[in-house]
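# Summary of the model geometry
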Amino acid sequence: MDLSSINPLVLLASIMVASTPILLAAIGEMVVEKSGVLNLGVEGMMITGAVCGFVIATETGSPAVGFIAAAIGGAILALLFGFLTQYLLSNQVATGLALTLFGLGLSALIGQSYVGIKAPVTSNLHIPLLADIPVIGRILFQHDMMVYVSIAIVAAVWAVLKFTRAGLILRAVGESHDAAHALGYKVVRIRMLAIMFGGACAGLGGAYVSLIRVPQWTEGMTAGAGWIALAIVVFASWRPWRVLLGAYLFGGVTVLQLNLQAAEVPVPVALLSMSPYLITILVLVIMSINRGRAALGAPAALGRVFHASH
Amino acid sequence: MGNEATLLAVEGVTKAYPGVVANDKVSFSVAPGEVHALLGENGAGKSTLVKMIYGLVRPDSGRMVWKGAPYEPATPHAARSTGVAMVFQHFSLFEALNVAENVALGMENPPPMRQLSVRIREVSETYGLPLDPDRLVGELSAGERQRVEIIRCLLQDPKLLIMDEPTSVLTPQEVDILFETLRKLSAEGTAILYISHKLEEIRSLCNSATILRLGKVVGTTNPRESSARELAEMMVGQTLHTPNRESADLGEIVVELTNLSIKSANPFGTSLKGVTLSVRQGEVLGIGGVAGNGQDELLAALSGEALSTPSAIKFKGKSIGNLGPNARRGLGLLAAPEERLGHAAAPDMSLTENAALTGTIRRNLASKGFLRWGAVEDFAKEIIANFDVRTPGPDNAARSLSGGNLQKFVIGREVLQDPDVLVVNQPTWGVDASAAASIRQALLDMAAKGAAVICISQDLDELMEISDRFAALNEGRLTPPRPAKGLTVDEIGLMMGGAHDMEVAHVDA
């Protein structure tokens, strides 16, 4: 065992990078679920975003363009889900699972000739003044742009849901689509927009893996991050800042346990590998103990099929 | 029609759905300040008509005129900006949102939340409908929820207010408050389109009435000058059959509750506190009360969904408080809960399957753990035939039936099992007048044959019509039963908790 090989500064600095893909996917899915739709295809949309972002970024040489392409790719795949579930009224669970399988296959096909290539480098920002603060600057203010974009998205989602009319309507649709319809809101249109937003966020999360975290393309490289994102939404009680907490907690424990494994701590590797899942779930469950459904924020119409009766 | 005193004129409006003509050349008009009643049985086309006025449905032909100009609302938004507001029968509210947010969702240009809360308080005090804008709607009683809907409408300063069956969930005192509000609005020049089955209400509130039957206008009258019976007969198109009560000799006590207290399973529910009652063979006990005062809990306690100490509930002298629903069914204690879809019936299962769900034990529909489907289907057909359930056949899903038809099925299923005691909650909620009369008659026939009936209802006219004795639930407590004959509305109101009910709901939630 050699704990001294772990540099706490590097460890803390890498938490944000490790957490960002899950955070992006989870905050997108949270908006989708707030509108009353359960899209289990997050993994499929992430991997599609990962390959779209990678291909476009290597072709154009610009990671920024790659990220935009990833968002579009994820949104298009989500659009497919939306069309099936909202217009053809297919089962959301089955369609979401199919979307994941479809996304995995499609991404493998698109990415065939890109295996082994290195992605163009995304430079880290060096935020003036803040980045020069000792310790904190290194941990918080010397990352790539997407880390800050993801936090900005969380803040924006929180503000929109809490303070704006658009957010209120979105929550209302997720709470009771029949009542929202009776008041004249376009339930299907609102849900399609939410679904596309969720797809775009998942796409960004996937591209973050293939363009920054790894940065390379391999088949199935999101490796279940989409499922974690889904779980975090539920355990975070559909609250944006708790989603952030859950994602960072998961990312943090993941990084830590990898370091512990490398340092050959005398704990079975299997236990270490499962620790991020256990700790994240435990913390978020404890936080939401003893609360009614209303306080938990679960959208009452989640996963129900909406069919206008007239 | 079309003169200057007319606010809204509906002229020859027709709307057809596949297989049904919901509205057939319907015409009527409403003047400012007029309280206009729309009368008709379920399926007469009242809802479709008001949905067209509110922009939810577009007419196939015919036209509507608003203050002399053509009126074709494509959406509820358009209708609201013209000045039409609507209070829905099934509340269009969001339980997890607070009062102010719910109000904001129904407005075109809501002010910022803080201002809106202030205005909600102002308007609610002006019209005598107290309401706290910050409370979650999920915690409110039915009467308070309706206030949310009404205030949502009033804040938009409507010219025409549509009210769909507004009084079905209110106490007599709450109805009085509502009528005060409506009269005040009418005096201020707001036209009101009032949909109801309750004819006495219409006679006391409305200036004119349009009566619909099977999508057509069959009459326009001044309800103050016609009797309730005349109105009902125009609505039904036949002489109305009122249940006749043959008072049977009361037999032994069959069910006895002694000091029954049960905590509600629902976090927003009301716990039962020391409920004591007894019912004899051949007796109908009516239990009134405002919604949410323990009705669901009392039914659950009697049906066996909620268990209690064994001796708190006695059936023919035997302690059964700890027995589940199937054991009680076996003994002869049956129940039909209020919520048809999801409680009394499984929505996506066929009528045959639903018949099997409660009927298996008493009708002996299973042998050695296998259902005898032939017998089950016969049972379902028997219910359909005896209770005039309108459906293509027993293979149809429960969800596909209209509320009234499903209610007839649910009540019929229990009645045909020949119970010793039948507990029903809201047996005629949302059921049209003639079907309601036949359900009540079925309950009375059962009592005449010696069964005991406990009828929990919020429809006081119904309770007065069929009950031998009457008791009321208030905050989970049951008043001592009194003979129903000779009870006045005031006495009933006092039993139900009187005007301070409004406050009760606050404390309770």
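Up top is the structure.
First, a word on scope: everything that follows refers to the structure included in this document. (Residues numbered from 1 in each chain as written. Chains lettered and ligands numbered in written order. Predicted model: local features only at pLDDT ≥ 70, side-chain atom pairs only at ≥ 80, totals over all residues. Heavy atoms only, no water.)

Residues and elements named next belong to chain B. Tracing the backbone through its elements, the reader meets Asn322 in the loop between strand E15 (318–319) and helix H10 (325–331). Between the C-alpha atom of Asn322 and that of Ser311, which follows or precedes it by 11 residues, the distance is 8.5 Å. With sequence-adjacent residues up to four places away left out, Asn322 is seen in contact with Leu307, Ser308, Pro310 and Arg328. (Helix = DSSP H or I, 4+ residues; strand = E, 2+ residues; numbered from the N terminus. Contact = heavy atoms within 4.5 Å.)

Below, the discussion takes up the sheet that holds E15 of chain B. Residue and element names in this part refer to chain B. Spatial ordering of the open sheet is given by E12-E11-E14-E15, a layout of 4 strands whose pairing is antiparallel. The sheet is open, and its two edges are formed by strand E12 (272–280) and E15, each paired on a single side. In this sheet, strand E14 (residues 313–315) lies alongside strand E11 (residues 253–262) in antiparallel orientation, the contact comprising 3 bridges. Residue pairing across strands places Leu257 opposite Ile313, the latter belonging to E14. Strand contacts of helix H9 (residues 295–303): E11, E12 and E14, with the helix running at about 125 degrees to E11, the strand carrying the most contacts. (Pairing = 2+ DSSP bridges. Axes fitted to C-alpha atoms, helices over the stretch in contact; angles between N-to-C directions.)

This part takes up the interface of chain A and chain B. Contacts between the two partners involve 17 residues from chain A, matched on the other side by 26 residues from chain B. When chain A packs against chain B, the two sides together hide about 1,700 Å² of surface, and 68% of this comes from carbon and sulfur. Between the two partners, chain A and chain B, sit 1 salt bridge. A salt bridge links Glu101 of chain B to Arg171 of chain A; its shortest N-O distance comes to 3.1 Å. Here chain A is connected to chain B by 6 residue pairs in polar contact (both at pLDDT 80 or more). (Buried area = accessible area lost by both parts, 1.4 Å probe. Salt bridge = Lys/Arg side-chain N within 4 Å of Asp/Glu carboxyl O. Polar contact = N/O pair within 3.5 Å; in protein donor to acceptor, adjacent residues only side chain to side chain.)

Now for the sheet that holds strand E6 (residues 84–87) of chain B. Residues and elements named next belong to chain B. Taken together, 6 strands build an open sheet; the order of strands is E6-E7-E8-E3-E9-E10 and the sheet is mixed. The sheet is open, and its two borders are formed by E6 and strand E10 (216–221), each paired with just one other strand. If you compare each strand with its neighbour and ignore which way they point, the axes differ by 20 degrees on average. Across the face of the sheet, helix H6 (residues 172–187) comes into contact with strand E3 (35–39), strand E7 (160–164) and strand E8 (191–195) while running at roughly 145 degrees to E8.

Now for the packing of aromatic side chains. All names here are of chain A. This model, assessed by the stated rule, comprises 6 aromatic pairs over all chains. Residues Phe250 and Tyr277 carry aromatic rings whose centres are separated by 5.2 Å and whose planes lie at 75 degrees to one another, so their mutual orientation is edge-to-face. Taken together, the positions of Phe250 in helix H11 (residues 240–262) and Tyr277 in helix H12 (residues 269–287) put the pair 27 residues apart, joining distant regions of the chain. Under the relative-accessibility criterion, Tyr277 is labelled partly exposed at 42%. (Phe/Tyr/Trp six-rings, centres within 6.5 Å; stacked < 30°, edge-to-face > 60°. Buried < 20%, exposed > 50% of the residue type's maximum accessible area, 1.4 Å probe, protein only.)

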